[in-house]
Amino acid sequence: MLIVGAGIIGLSHAFHAVRRGLKVTVIDRDRRAVGASVRNFGHCCITAQSGELLELAQAGRPFWLEASSQAGFFASTAGALAVARSERELAVLSELSAARPLGQLELLSREQVATQLSGYAGADIIGGALLRDDLRVDPRQVVAALADWLAEQGVRFEWQTSFHFAQDGLAHTSRGSFVAAQIIVCVGHDVDRLYPEIAATEQINRCGLQMARVAAPRDLRLGPAVLSGTSMLRYPGFAETTAAAGLRAEIAAHDAEALAVDANIMFTQRPDGSLIVGDSHRLAETMDPFLAESVSELLLDRVAALLGVAQLTVLERWQGIYASSPLQPYLVSTVAPGVTLVSVTSGVGMTISFGLAQRVLAQLDLV
Ligand SMILES: Cc1cc2nc3c(=O)[nH]c(=O)nc-3n(C[C@H](O)[C@H](O)[C@H](O)COP(=O)(O)OP(=O)(O)OC[C@H]3O[C@@H](n4cnc5c(N)ncnc54)[C@H](O)[C@@H]3O)c2cc1C
């Protein structure tokens, strides 16, 4: 099996292929993976998915934990904390909690939320919920550690090798041809570079997100990833509740600026203590490289308010890009005999990677 792309989607396919005893080669055009898989929050947002995405997310969860223990990368099972600052936000959390198995979403008082936030709870927080099944990993560490471990299992990695096209069981690249019975193409948001017709038919666009890493306020130690009201408008488990429509109107009235940049105000803590803070969303076929400082300031301001601190010290800023389609959250397409294109076309690639890869391999005719 030849896998194109050493991001989390390519490597989760390599992980399952190795478990099946296949001989695997991974190629990537870069010296190391620096795409969406290292630029995200490291949040496996499992509990707030719904339908098929929830199934894929839950199916992938044990493999994330297995990969973490085998490859030795950090993974936290502390879940996610959804913070509520209004009765409407609490209503969304209560509705989803009631619809789910007991304990999957545990409703919390303001005091319990404050404890989860090491006491750093903004004055307007009135409660929240703990999303039990969510996981958290360190995005700076995961794909590098997974690639190293896969190499130890016998997976061959060819870096700085660009895939061009596949024909008759041969993958043509910038470093010659590779023979493979199965080729899985996992190039993230660059589907249009290789398969422009598919990108056009599936309406695959690029989604750009502004992110920052900030110093944590003193003694802040977070178990869970932290989500806010804007997150409740995005993740389908929340967004499909009847209470969510009222919440959208409320946020539009109180924080139209956040909605204007399609913000998902959230943060996670890295093992070194620093916080990954984000994010905004903008769509384009070719992403404008210039980042508006006003957007960064808005995101930092809202996170500071959640934590009840005056300001946050920025250590780094970056833009992440993922593939986005209004038609479906992920794409699996047989582009030629023995060639499968896999791209997660929404912001859940970390969450569903291992579940999706397991399903893709189960559907292939593997010998
Ligand atoms: C800022 C941000 C925050 C996010 N937050 C979350 C989150 O909290 N939870 C979540 O579940 N998801 C999140 N996502 C989404 C998630 O990160 C992506 O869906 C996922 O990382 C996509 O993985 P990938 O392997 O497809 O792409 P990538 O990680 O981009 O990897 C693609 C790889 O393909 C290689 N490549 C491309 N073209 C070629 C070629 N022709 N030949 C060889 N190699 C090639 C690239 O070099 C790259 O290494 C976020 C994304 C961003 C950008």
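Residues numbered from 1 in each chain as written. Predicted model: local features only at pLDDT ≥ 70, side-chain atom pairs only at ≥ 80, totals over all residues. Heavy atoms only, no water.

Draft legend 1. View of empty space enclosed by the protein. Applying the stated criterion across every chain yields a total of one cavity of 30 Å³ or more. Quantified by volume, the largest cavity comes out at close to 40 Å³. Lining the largest cavity, in full, are Gln210, Met211, Ala212, Val277, Gly278, Ser296, Leu299, Leu300 and Arg317. (1 Å grid on protein atoms, 1.4 Å probe; cavity = no way out; pocket = protein on both sides within 12 Å on 5 of 7 lines; lining within 4 Å. Points joined across faces, edges and corners; volume = space filled by probe spheres on them.)

Draft legend 2. Main features of the pattern of salt bridges. Taken as a whole and assessed by the stated rule, the structure comprises 21 salt bridges. Across the salt bridge formed by arginine 359 and glutamate 52, the nearest N and O atoms sit 2.5 Å from each other. Taken together, the positions of arginine 359 in helix H14 (residues 349–363) and glutamate 52 in helix H3 (residues 51–71) put the pair 307 residues apart, joining distant regions of the chain. A residue is classified by how much of its surface remains accessible, and arginine 359, at 27% relative accessible area, is partly exposed. For glutamate 293, the salt bridge goes to arginine 317, with nearest N and O atoms at 3.1 Å. Remark: arginine 317 occurs in strand S19 (residues 314–324) and glutamate 293 occurs in helix H13 (residues 293–307); sequence separation between them is 24 residues. Using a relative accessible area of 37% as the deciding quantity, one classes glutamate 293 as partly exposed. By relative accessible area, arginine 317 is classed as partly exposed at 39%. Salt bridges here are not isolated pairs; linked through shared partners, they connect Asp138, Arg140, Arg213, Arg270, Asp272 and Glu316. (Salt bridge = Lys/Arg side-chain N within 4 Å of Asp/Glu carboxyl O. Helix = DSSP H or I, 4+ residues; strand = E, 2+ residues; numbered from the N terminus. Buried < 20%, exposed > 50% of the residue type's maximum accessible area, 1.4 Å probe, protein only.)

Draft legend 3. Looking closely at the domain arrangement of the chain. When cut into domains, the chain gives domain 1 (1–71 + 138–203 + 325–367) and domain 2 (80–132 + 205–324). Of note, the centres of domain 1 and domain 2, computed from C-alpha atoms alone, are 27 Å apart. Counting residues at the interface gives 29 residues for domain 1 and 34 residues for domain 2. Summed over both partners, the interface of domain 1 with domain 2 buries about 2400 Å², with 55% contributed by carbon and sulfur atoms. When residues of domain 1 are sorted by the area they lose upon contact with domain 2, Phe41, Thr47 and Arg140 head the list and together hold 31% of the total. The interface formed by domain 1 and domain 2 contains four salt bridges. In this structure, arginine 206 and aspartate 190 form a salt bridge, with 2.7 Å as the shortest nitrogen-oxygen distance. Across the domain 1-domain 2 interface, the total number found is 13 residue pairs in polar contact (both at pLDDT 80 or more). (Domains from an automatic or database assignment. Contact = heavy atoms within 4.5 Å. Buried area = accessible area lost by both parts, 1.4 Å probe. Polar contact = N/O pair within 3.5 Å; in protein donor to acceptor, adjacent residues only side chain to side chain.)

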